[in-house]
Every structure is written in structure tokens, then in C-alpha cells.
Amino acid sequence: MMRNVTTRVLNRKMTPMEKFLLAIMAIYIVIVASQSPKFFSLETAFDLARNGSGAMILALGCLIVLISGGLDVSFTAIAIVGGYSSVLLSRALGVDNLLFIVAGAVIIGALLGSINAVIIHFFQLSTLIATLGTASVFHGAMVILLGSKTFTRADVPQSMLDFGAFSIFTIKEENSQYGLTIFFPIVIAVGVLTWFLLYRTMIGRSVFAVGSDPESASRIGINILRTRLFVYMYVGALSGLMGIIYFSGLAYINPAALVGTELGVIAAVVIGGAKLTGGEGTILGTVLGVVLWQLFQNTLVHLGLSSSFNDLFFGAVLVFMLGFIYLRQRQANKRALVFTSN
Amino acid sequence: MNKVFKFLGRDRDLSILGFVTTAVIVVLYLMLGSRLFSIGGLQSMSIQVSEFGFLALAMGLAMLVAGIDLSVVAAAGLSGVMAALTMSGEFIPITPENETQIIILGVVVALTTGLLTGLLNGFIIAKLSVPPILATLGTMILYTGIGTAITSGSSISLKVPSFAKLATSTVGPLPMVFVMLLATFIIVSLILTRTRFGRKVYLFGENEVAVRFSGIKSERVILMTYAIIGILVGLAAIVIIARANSMRVGFGESYLLQAILVVVLAGFNPLGGKGRVLNLGIALVLLQVISTSMTAFAFSPYAKNIVWGGILIAVMGMNHYLRAGAPRARRQEPPSETVAIALEQSRR
Amino acid sequence: MTESPILSARGLAKSFGGVQALHGIDFEVGVGEIRCLAGENGSGKSTFVKIISGVNTADHGTITIAGEEMTSMNPREASAAGIQVIYQDLSLFGHLSVAENIAINRMMHDGSRFVNRTTMREIAQQQLTRVGVDLPLDAPVSSLSVANKQIVAICRALSMDARILFMDEPTTALTGREVQRLLSIIIDLKDRGLSTVFISHKLDEVFEVADSITIFRDGAKVGDFAASDLDELSLSRHMTGRDVTYNRYVREQTDDAPILEVAGLSRKGNYENVDFSIRPGDIVGLTGLLGSGRTELALSLFGLNKPDSGTIAMRGKQVDVSAPWVAMKHGIALLPEDRLSQGLFPAQSVAVNASATMLDRIVNKIGMLSRPLEKALADTIVRELQVNNRDTSTPVIHLSGGNQQKVAIGKWIKRNPSIFILDSPTVGIDIGSKSEIYEQIHRLAESGMGVLFISDEPEEIVANCNRVVVMHAGAVDARFTEDDVAAAGFKEQLIHAISAPRHGGDVVIADATAIDAESQSKGLNNDA
């Protein structure tokens, strides 16, 4: 059975978007590697894994929302609120235990997510506008209730510092050593879990069904509210987890961080082939989208470009890819005489 | 007076908005009195609202054609950076003699950059059929990226002292920039309600497909709408650099949420085809009064955010319940049997 | 029927906000019976189906399924009792696979938490075998033709142990051959005890296989009839409550120089080598089964579907109709098939809709829109077309279907097009408005306009057209000249020509819903 699944996954034909992303990535890597031999190393890969793991977790959550036909922009706010309040709680209770802190963040995240789901469901709001509103409320409320004090290394719970510095293995070289962060297997686990939920459970299939056509979904007895609760609570929980990983990695806790980067995450998922219209999107595409984004964020320095060029590259690729995806669809619609607005 | 009531009765959004705005102003006046409503206070409010008003109007236009423009702030940032560079003396040395020309050039650069950003958005949306929300998400990152790459993220200072006068000079009691905003609102309002193009904008927002089947060049409507949005963005950039006397990428990021908020508050439908510039103007006044009062009450920016977010959700929720009975074209279903029966009977 | 009925409804009544939608309906379906439920739009058919399937609850009356009386039934209980409804839109999930679409309902119902692909495929294959159709289990449903989607919907219903299947207008989107396949499947299932209720608003193929026909009018049952007792006229009399005969159109123009000439027009996958011409005063009927290419052809003449080869000439001059505004410039107008989503701006007023094609007529000297001019234009149109509601500030969504269609026609007539293409102008429109629209079309033609009248109702073609072109599988299959049309027995000939095409070749029409074959073939449902 397990082997069966593995071969199925591996034999799956890649979507055109995925191929396209891989090609861009390959070209980029070849160019950078030819400019800077140091680029093509385990160290770069490990760096990338460390810096990109938070974004990857958020992106997987974002993917589920897109498949369900929504667009959430509150997940960075939830990550900060979940992470920050959980850290404050652990400090207040004097419980310096990683599991406790993570659980706290995940639960708070899921709760905030459920608020999103309820507002979206009962007010029938545009998910973008609703979460734009809740993001401000969540983040604002946290700062007002809990303050906006930052914590430097000395005040960060020891368990988080250990977590952030932990490597599953390290490679020693003459004058340096580097390791693969513990975040990496966590990201893999989240990816597998997300895959399993989406493709192997009925609730996951309901997410696809609701994203494809909510009306038909409710006709065959799918509970739309329950599906939405699952989607937004799952995203909330992942965001909470990401908040802890983010703070641990930096060994610095700043409640004003991260908020404002959500559109970048969404963009990465979208170039991975997820559609705003719901029902479509793949995990592989999302992973490729995030990796490409993170490559631009972290490795332009090998081309001798400062980080000021990050957005330029990513933005250009994003606009180009979007044009490419939707032009194809436009032509197909024209051929098939489908006269729809987007 | 009767006429006024008739007019208000016709537009429910306007009546609600007008009532709420009046009530809020009265309450705040009783609480804050002259602190808020002195000549100086009103002037500084009108200067602040000017900067943001252009961006809100741009967002409103995007929503009229069933879109949204996430790139307005980034595009204003880029236009501002380009104009600031022109007037920074870095490329063209500034002398007292050529100052006027430099200012004119700077203004032209800001408007042209704005126009180009709008045209690119329009092209991607009209000709490549990318959904507006994604198209402008992409260009938002791109415009920010271009701006950051040019400036390395640092702030660009203006070296033309007389340009700052734009922000401080007044026409009678009114600040110059506010007059600009007022004029722009009137012009855009006239375009929307009194020209063929304006009519096409509303028709497009209501039903894009029917626009094509009516022999209207629908793609041109989109291109032109986003071009106007671009010009508005350029105007916003001019006001911003005149006031701040410098520009950096990332300036005014919180305006994006507020722009969406004020447009929704003004009764624009995010699905397109509905919204009036007059209402937008009133909503802007309301928002600015609340914002200034919150500053007077010493609210932190975070507290303000809660208020904005809360208002956004509340307004959308209220609109949902108010609209629940109203027919919505987009469902593309023929009216249900019972509705049809009821309609038939009511007609007999 | 000696056996006790599988479904029996007694005295069902329902009102919505004071409007009585159903008056004491009695309805019975026997085991293995095929029933047709006919009625005009608004006759109460869908309310009835909604009550039977548990979506709505009746105010009065009882429902008995297989001898068991159901009280306050919800959709889940209705489904458990064996009632399955296949709506016209089929309610499928385009991005999910065939297997999953068939099995999802069953699995959901069984309370599975996890997806067992083996079980899923078994359920799907079992049902497909039952109806004797072979479909690729892993293909996304969006890549299937409408007919095959319908098979998937039927299989999904069967997987729920359906005992009575309601199908809403199942044949409207099918070609002749597909209809035959569908009907043979249903007859096959009937032999194995499944009861089927077809819901229809016009006389079509399903009547031939139905054991009996129930007709609804104004929320009440007119009666049950044997198919053999009904013909088009009596059916329409029962459905509308009146005898309707339309004035036939006779062309009286003497100018025989064609306005529009179409020669060798082809578009791959849509239609091939089409020739015809329209003279002033002609109302040329263009008919054929769905998928015959008639709508595709109409769109080409209006610049929305670029032909691959062939020529279009207006008044002897070849034109390149590359876009709707070009068509408009050459004097070609189109009333689209789907009035609400293509023809109108539903939330806008009658005046705004009526002037949408003529914005240049409602501007004053300085180029500004003028309300008085707009109102004057709309008033003329409303008067000329006899729109019941004379207040031009009413949003069109508040008008009845017939009046909406009059506005949709009205927005073109003041442009005085020389060619007016009308695609299915009376679908879903009450009888009264129908005859008014016909008369209006006759008047337009009498004034020298050339009309292309697309319809799949023979009766309508007979009443309105002086020449007829029948298409099949994208090609012109039969033509009727003015003499043919005027001759006795034309209607029978026409019906025969439509249903039994001479060139019975393979259907070449591309599946309009398979949006992007390449992107769909990627197997969306596969893992990750």
C-alpha cells in the first residue's frame, strides 16, 4: 500500500506550471552557480532550509485556503499573535517547555482561525476583505492587551533558544561548521500532514468540493461551515506553529515583525498554480513557488546584488508567470466560447 | 428641502452615510470641541485627507470595474521615488534659475510613472485576463521591487525648497492640496456620471459579458480605467513628496487597508458596478475625523488598527444584511420560481 | 399499476410569502415507472421537486415513500429513502475525478473519515458497469462532455441506492445520439426497478419513453396523460391553459438583393462549409439539435468566434467581422442566447439597458450624457416593444422574463441593424409575451430588416420563418425554400429533418465545457 502510494505520487504528471517553475529555477541556479561557485553547496541549501521554513509552513496553510476558494491575509498576524501570546504565557507561568509553548501558539492560532471562519460564513463576506479586517483587529488587540515589548536573546525562553539552534546533523569544515536545522523535518512533516488531510480524508476532499462549487457541495450534504472551520482553524494552527519557529530561529521576539509579508506568501502559492477560483492547487507547486521565492530572497547576494533587488526579481517573475497562466486560460476560453469574467 | 429628502431617499447608502457622519461629527465636537474643529485643526485634517484621498479614489475606480488595486500604495511609492530623484539634485543640478523647470519636470515624472504603472496593470488585466487581485498583487511586489532597487531602500530628499510650498500654500482658507483633491473628485465624478466612458465603467462592473455583447470595447474600458487610476496615484505621490519633502519605498503602507475600508464604507460593491464618488467623499471625511480624533485621544496606531478593522467587518456585515433582499445579477440564475410567481402576480 | 406506488404525494400545498406556489398536488410514481412532469416556467415543478427532495417543507399534505409516510423530511432523509435529484447543472465538481464525483456522496453518507481509493474506485466502477458506460476513472470531470457528465451524475445517484430519480431537463444540452444513449440507459434501469421522473417544459424525446405525463399549471395539477394522447398543440394547451395559434409570417418585400451572404464559412470543431444568404424581409430559421453549431455560427457573425475560412459579405461587400463593434458597424446585431448573463445588466434600469448599445445617441452637444435624451430613447423602445412596465427607471431584474427579453431586443432595434440575429429569443418566456415578440420580429422584417432566427422549437420556426436552414453536426443538413415552407405538411418535414439528419456522420462538435484539454489532462485529482 505504502509503495503503491509512493509510486503514484512520483508517477504523477507535473502540471505545466510546475514544469515551468522548475525550468526557471534550474536556469537561475545555473546562472548563479556559474557566477559564484560557492553558491552550489550544502551550506546554501541548509541556509535556504532554515530561512525558508517559516514561509513554507504559512504557504501550505495558504494553499488550503485557496483550494477552498478563499484568500486569507490574516495568517501572519495570527502567527505573531499566537507566538507572542504563547511566549508571554510561558514566561508568566514560568513554564519553559517547548511543547507547552508550541501547543499554546497552535491553539490560539486555531481559535483565531475559527473567528475568521465564522465571520466569513455568516456575513458571506469576501474572504480577502474579512481577513484584512480581522488581521488588524487581532494584531491591534494583542498589542493593546499584551503590550509591544520586544525580547532579546536573554529574555527568550531557553527551550526556544535551544530549539532554534538545534541541527539534526552538522558538517564541520576547516573554519566553519553548518547544520541542517530541526525546522526542516518539521516542515516535511507539515507537508505530509497537509497532503494527507487534503487527499486522504473526507474533510480534505470536502475542501476541494467546496472550492469547486459550494452550491453543489451543500447539495450533496457537505457541511460548508464545518469545512470552512477546518480550513481556517488549520491555517491558524499552522500559523501559530510558524510563529514559534520564527521567533526561535531569530532568538528575538518582536511583536511588530512579519505582519506585511503575507502577500509575498500568497504570491508564492499562486505562482505554484493555485487558482483564486478554488478547487485547484498542488502541494508540489506550492513548494516550488516558495523555494523560488526564497531563492530570490536569499541568494541574490551570490550574483553581487544587494537584498534591495529581492522584490524586483520576485515581482517580475510573478507578473510574468501570472500573465503566462491566465493568457493560456484566456485563449482556451476563447476557443471554447466561454464568456466569463475572471 | 423636499427635494433633498427625495434625493436622499433614492440613495440609501448616501442617507445612512450622511447620517452617521453627521452624528459622529456632532458627538466628537461635543467631546473635543475646538481642539478638533479649530481653523488650524480643520486645515491640518484637510491636508492629511488629501494625500490619502487620491489613493482611495483610485481604489474606488478599481472596484467599480469589479476589481481591486493592491498596487496603489506601491505605485504611489514608485512614482514618488522617481519624482523625488528628479528633484533631488542628484542627476540634474539644481540652481535657482532652473528650479521651476525642475519642479515641472518632477511633477511630469510622477504623473508619467503613475500612468505607466496603471497602464501595466490595465494591460495585464485586460489583455492577459489575469484576475485584478492577482495582477495587482504581482505589480505591487514589482513596483516596490523597482523602487527598492533604484533607491536601495533609502529615503530620497528633495532639494527644491519651493516645491514644499505646494503643501503649505492655501487658496483662501483651503489648503492648496485639498483644492486639488476636491477638483479631482469633481472631475472624476463628472467623468463617471456624465460621459459615455463613465457609463461603460458602470456597465462593465455590472456585467462584463453583456458589455462585450453590446458591442462595447470592453478591454479599452479596463485599460482606460486603470490609466486613470495611475494618474490618481501619480497625484497622490506629488502630494506626499510635497508634504514630506522626501520619499522612500514603503511609505504609507497602512493606506492600503484604509483605502479598501473607505471605499467599502462608501457603499462600493467589491463585485463591481456600484458606488458613487460623492459617497466616497463623505466616507473620507468620516474616516479622517475619526482618525484625527483618535490621535487627539492619544490612541496608539494599533488601537487605530483595531478600529479600522472592526469598522471594515461591521460595514461589510451590515451591507450583507441590507443587501440580502436585493437582487444580485452575478448569480446568473434566473429568478427562482417563487420570485417569478410573485413578480407576475404583482404585475397583474 | 397494481403494485403499490414507490412514491405517493397527497395534497401537497406550499406558499411562499403569501404566494401560493402549489395547490393540493397529488402525485404517484410506480416501481419502474418513467414519468414526465411537464409545465411552463413558474408552474410549480421545481417547488414540487424541492419538497419531495426535502429542500423545502410542504405546508400541507403527505409524502409516502415505499409505503412509509415521511414527516418533516430533510434532504438527507429524502436521500436515504431513495430520492435523488439530478439538477440541470448536474452539481458535479469539475476539478475532482470521475471516480470521486461518483463515490463522494456514498462515502460521505457512510460517514467515512478517510479516503480509501480502492473502495472509491470500486463504487464508481460498479455504477458505471451498471449503466454500461466506460469512463476513465481518474480523468477530471471537467474534461468530459456534457453527456458523460450526466452519466457521472446518474452513477452518483445510483450509488446512493436511488429508487426514484428526478432529472431536470436532462436532454436540453444533449445531441440526438446522446439523448438516445441516455434514454436507453434509463429504460434499462427501469427494467431493474428504478423509477424516473423527467422534468420538462416542452415536448421532447423523453415523452416517447414515458409511461405517463403529468402536467402542472399555475401550481396545480392539470392531470395525468398517456404520451400517445398528447401532441404539441394539446400539450401546450394544457400547460398554458389556452389555445395558441401564431400568425405565420409571409415575406412581402420585393428587393431580392441579399443583405448578408455567408459562403463556405468554417470553424474547426464548430461548423463547416456553411452557405446561406439573407435578403431584406427574410426571417431565416436556423435550427438543429443542440451542438449542431448554430450558436457558434451566430457568434461568428457577431465577431465573437473567428471563422477559419470562408467569407461573410454585407450587401455584396466582403467584411471581416473581427469583433462585436465591427459587426455593429456593419449593421449586424445579436440577441444572445442567455438573456440575463449575456444580454442584460440586470441590476441596472430599463433606460440604462436600452441605451447600452447607443450611448452616442444620448449625449448632448458637448458630449455629456443627457438624462432627458436617455429617458426619451428608453420610452420609445418600451412603447414600441410593448414592455408592460412603462417606468424606465425599474431595474430589469424586476421584470418578467418576457419583458426582460423585450428590453434585450429593444436595445438593438433603434440602431436599425440590417441583420438581426436572434438566438433562442423565447426560451423561458410566457405565451403572451411570446406572441408579442413574434409580432415585433415580423414588423422588423416587414420594414426591410433581415432576420436570422435561431430556435429548436419547430412550431416557432413554422410561425416565424419564410426560409429555413437545418444544421447537423456543424454542417448544413437541409434547406427549405419559401415554397417548401408554404407547402402543407412543412412542420412534419421540418421535425423529421431535425431529428433524423441525412448526414448521420460523427458529431464533430467540440465539447464546449472541456476548457483546456491540455491543462485538464494533468490529472488534477492525483496526489499532491
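Going along each chain's sequence as written, the residues are numbered from 1 onward. Whichever chain is written first becomes A and whichever ligand is written first becomes 1, with later ones labelled in order. Two thresholds apply to this predicted model, a pLDDT of at least 70 for residue-level local features and 80 or more for giving and counting side-chain atom pairs, whereas whole-chain, interface and lining totals are computed over all residues. Side-chain descriptors were evaluated using all non-hydrogen atoms of the structure, hydrogens and water having been removed beforehand.

1. Some details on the overall build of chain C
Our working rule: Numbering of helices and strands starts at the N terminus; helices are DSSP runs of H or I of at least 4 residues and strands are runs of E of at least 2. The globule rule used for comparison is 2.2 Å times the number of residues to the exponent 0.38, while the radius of gyration itself is calculated over C-alpha atoms. Only protein chains enter the accessibility calculation, which uses a 1.4 Å probe; a residue whose area is less than 20% of its type maximum is buried, one above 50% is exposed, and one in between is partly exposed. Throughout, a contact is declared for two residues whenever any of their heavy atoms are within 4.5 Å. Note that accessible areas follow from Shrake-Rupley with a 1.4 Å probe, and for residues the cover is restricted to the protein chains shown. Under this rule, positive means Lys or Arg and negative means Asp or Glu; His and the chain ends count for nothing. For charged residues, the charge sits on one atom: NZ in Lys, CZ in Arg, CG in Asp, CD in Glu.
Of regular secondary structure, chain C possesses 19 helices and 20 strands. Here the C-alpha atoms of chain C give a radius of gyration of 25 Å, agreeing with the 24 Å that 2.2 N^0.38 yields for 528 residues. The dimensions of chain C, computed from C-alpha atoms along their principal axes, are 70 × 55 × 50 Å. Sorting the 528 residues of chain C into buried and exposed places 59% on the buried side. Long-range pairs, those at least 24 residues apart, make up 69% of the contacts in chain C between residues at least 6 apart in sequence. When the accessible surface of chain C is totalled, it reaches about 20300 Å², and 48% of it is carbon and sulfur. Across chain C, the centroid of the 51 positively charged side chains sits 6 Å from that of the 67 negatively charged ones.

2. Here we look at the pairing of strand E8 (residues 195-200) of chain C
Residues and elements named next belong to chain C. Worth spelling out the cut-off: Strands are labelled as partners when DSSP assigns at least two bridges between them. For crossovers, right-handed means that the path from the first strand over the helix to the second runs clockwise, given strands pointing away from the viewer.
Burial analysis of E8 places 6 of its 6 residues in the buried class, which makes it a mostly covered element. A two-sided burial pattern is seen for E8, the buried positions comprising Ser195, Val197 and Ile199 on one face and Thr196, Phe198 and Ser200 on the other. One ladder, built from 5 bridges, connects strand E7 (residues 164-168) with E8; its direction is parallel. By the bridge assignment, Met167 is partnered in E8 with Phe198. In this region the chain leaves E7, passes through helix H6 (residues 176-191) and returns to the parallel neighbour E8; the handedness of that crossover is right-handed.

3. Re the interface of chain B and chain C
Applicable threshold: Throughout, the accessible surface (probe 1.4 Å) given up by two parts as they are put together, summed over both, is called the buried area. The working definition used for a salt bridge is a side-chain nitrogen of Lys or Arg within 4 Å of a carboxyl oxygen of Asp or Glu. Side-chain atoms alone can form a polar contact between residues adjacent in sequence; in general such a contact is a pair of N or O atoms within 3.5 Å, and within protein one must be able to donate a hydrogen while the other accepts it. All amino acids are sorted into three groups, where Ala, Val, Leu, Ile, Met, Phe, Trp, Tyr, Cys and Pro are nonpolar, Asp, Glu, Lys and Arg are charged, and the leftover types, Gly among them, are polar.
The interface of chain B with chain C comprises 34 residues on the first partner and 47 residues on the second. In this assembly, chain B packs against chain C so that about 3500 Å² is buried in total across both faces, 63% of it on carbon and sulfur atoms. Here chain B and chain C share 1 salt bridge between them. Remark: the boundary between chain B and chain C carries 7 residue pairs in polar contact (both at pLDDT 80 or more). Listed by contribution, the elements that provide at least two residues to the side of chain B that touches chain C are helix H9 (176-194), helix H10 (196-206), helix H11 (208-213) and helix H16 (337-347) of chain B. Ranked by residue count, the leading element in the side of chain B that touches chain C is H16(B), at 8 residues. Residue classes in the side of chain B that touches chain C are distributed as 14 nonpolar, 9 polar and 11 charged.

4. Some points on the sheet that holds strand E16 (residues 332-335) of chain C
All names here are of chain C. Note the cut-off: For every element, the axis is a line fit to its C-alpha atoms; helices are fit only across the contacting stretch, and the angle between N-to-C directions ranges from 0 to 180 degrees.
With mixed pairing, the 6 strands of this open sheet are ordered in space as E16-E17-E18-E13-E19-E20. Strand pairing shows two members of the sheet lacking a second neighbour, E16 and strand E20 (475-480), which therefore form its edges. Along the sheet, successive strands turn relative to each other by an average axial angle of 20°, direction set aside. Sheet analysis places strand E17 (residues 419-423) next to strand E18 (residues 450-454), joined by 5 bridges and oriented parallel. Looking at the pairing, Leu422 lines up with Phe453 of E18. Packing against the sheet, helix H15 (residues 431-446) makes contact with strand E13 (283-287), E17 and E18, and its axis sits at approximately 150° to E18.

5. Regarding the environment of Asn416(C)
Residue and element names in this part refer to chain C. Looking at the element boundaries, Asn416 is found in the loop between helix H14 (401-413) and E17. According to the relative accessible area criterion, Asn416 is exposed, its value standing at 62%. When the C-alpha atoms of Asn416 and Gly331 are compared, they prove to be 7.5 Å apart, with 85 residues separating the residues in sequence.

6. Some remarks on helix H9 (residues 202-212) of chain A
Given 3.6 residues per turn, any residue in an α-helix points the same way as the ones three and four places further on. Here H9(A) lies mainly inside the structure; 10 of its 11 residues are buried. Those residues of H9(A) that sit buried are Met202(A), Ile203(A), Gly204(A), Arg205(A), Ser206(A), Val207(A), Phe208(A), Ala209(A), Val210(A) and Gly211(A). Looking at the packing, one finds that the buried side of H9(A) touches helix H3 (42-67), helix H8 (183-200), helix H10 (214-219) and helix H11 (224-250) of chain A together with helix H3 (98-109) of chain C.

7. Topic: the interface of chain B and chain A
Across the boundary between the two partners, chain B contributes 49 residues, which contact 45 residues of chain A. When the buried surface of chain B facing chain A is broken down by residue, Leu134(B), Tyr302(B) and Ile313(B) rank first, second and third, together holding 17% of it. At the surface where chain B touches chain A, the tally comes to 1 salt bridge. Among the ionic pairs, Glu219(B) bridges to Arg330(A), the shortest N-O distance being 2.6 Å. Every element with two or more residues in the side of chain B that touches chain A is listed here: helix H6 (99-128), helix H7 (132-151), H11, helix H13 (255-265) and helix H15 (301-323) of chain B. The element best represented in the side of chain B that touches chain A is H7(B), accounting for 15 residues. Taken together, the residues of the side of chain B that touches chain A sort by class into 30 nonpolar, 13 polar and 6 charged.

8. Description of the packing of H3(A) against helix H12 (residues 262-271) of chain A
All names here are of chain A. Which entries qualify depends on this criterion: A clockwise turn of the near helix away from the far one marks a right-handed crossing, whereas an anticlockwise turn of less than a right angle marks a left-handed crossing.
The N-to-C vectors of H3 and H12 enclose an angle of 65°; their axes lie 9 Å apart at closest approach. Relative to H12, the crossing made by H3 is right-handed. Mapping the contact onto sequence places Ala55, Leu58, Ala59, Cys62, Leu63 and Leu66 in H3 and Val265, Ile266, Val269 and Val270 in H12. Of the residues contributing to the contact of H3 with H12, the split by class is 10 nonpolar, no polar and no charged.

9. Describing the domain arrangement of chain C
Residues and elements named next belong to chain C. What counts, and what does not: Segmentation into domains, and thus their bounds, comes from an automatic or database assignment.
For chain C, the domain assignment lists domain 1 (7-240), domain 2 (250-331 + 417-512) and domain 3 (345-415). Between domain 1 and domain 2, the residue contacts involve 17 residues of the former and 16 residues of the latter. Taking both sides of the interface into account, the surface hidden between domain 1 and domain 2 amounts to around 1100 Å²; carbon and sulfur atoms contribute 48%. If you sort the residues of domain 1 by the area they bury against domain 2, Thr175, Arg177 and Glu232 come out on top, with a joint share of 36%. Put simply, domain 1 and domain 2 have 0 salt bridges between them. Where domain 1 meets domain 2, there are 0 residue pairs in polar contact (both at pLDDT 80 or more). Elements with a minimum of two residues in the side of domain 1 that touches domain 2: H6 and helix H8 (232-240). It is H8 that provides the largest number of residues to the side of domain 1 that touches domain 2, a total of 3 residues. The class makeup of the residues in the side of domain 1 that touches domain 2 is 5 nonpolar, 7 polar and 5 charged.

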